[in-house]
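Architecture at a glance
Residue strings, one per chain:
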Amino acid sequence: MLDVIGSKDKVPAYIEKVKAGQFKLMGFGHRIYKNYDPRANIIKWAADKVFEVTGRNPKLEIALELERIALEDEYFVKRKLYPNVDFYSGIMYQAMGFNPEIFTVLFAIPRTVGWLAQWQELLEDPEQKIARPAPDLYGPHGADFVPIEKRGVPAASGTA
């Protein structure tokens, strides 16, 4: 998103396109935090520490302007769209030499601690007999079942 915007002076035009529904404001909003994500303050502080070593990432100026506008603009305030933890971490990861293509993996790595903690709680809770994921299915609904031999997909040979 910051690459698309390009420079700080182009932020207002991008914001107008977000309001018009032409773009999404990435790194803003969270389904749990309905105000400023407290983790965002910590990661913003950590990003400043990284920039002391790597030099200030030029994209930071764009990010700071986006944040300033989003925190003041009624459109974003009304929708409770505040920077989340991933907003500044991407800029920090890039300053550390990671390519944006790997960001999804980098965003997931710290979350594994929470996922493992939740799994451990499920294992250790004597009242918990089974854990089931939410039955939220994605994809086309009402699709007809087509047997594998009629799909044009080679059948598995049974050998690895």
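Each remark here, short or long, concerns the structure printed above.
This section reports on the structure supplied with the text. None of the values given here were measured: they were computed from a predicted structure. (Residues numbered from 1 in each chain as written. Predicted model: local features only at pLDDT ≥ 70, side-chain atom pairs only at ≥ 80, totals over all residues. Heavy atoms only, no water.)

Of note, arginine 151 is situated in the segment after α7 (103–124). Setting aside anything within four residues of it in sequence, one finds arginine 151 in contact with Phe145 and Val146. A distance of 2.5 Å separates the side chain of arginine 151 from the backbone oxygen of valine 146, its partner in a polar contact. (Helix = DSSP H or I, 4+ residues; strand = E, 2+ residues; numbered from the N terminus. Contact = heavy atoms within 4.5 Å. Polar contact = N/O pair within 3.5 Å; in protein donor to acceptor, adjacent residues only side chain to side chain.)

With that settled, the discussion passes to the pattern of salt bridges. If charged atoms from side chains of opposite charge come close, those side chains can pair. Per the stated rule, a full pass over the model turns up 9 salt bridges. In this structure, glutamate 16 and lysine 19 form a salt bridge, with 3.7 Å as the shortest nitrogen-oxygen distance. Remark: lysine 19 and glutamate 16 occur in helix α2 (residues 11–19); sequence separation between them is 3 residues, near one turn of the helix. Overall, glutamate 16 belongs to the partly exposed group, its relative accessible area being 47%. Note on lysine 19: relative accessible area 28%, which makes it partly exposed. (Salt bridge = Lys/Arg side-chain N within 4 Å of Asp/Glu carboxyl O. Buried < 20%, exposed > 50% of the residue type's maximum accessible area, 1.4 Å probe, protein only.)

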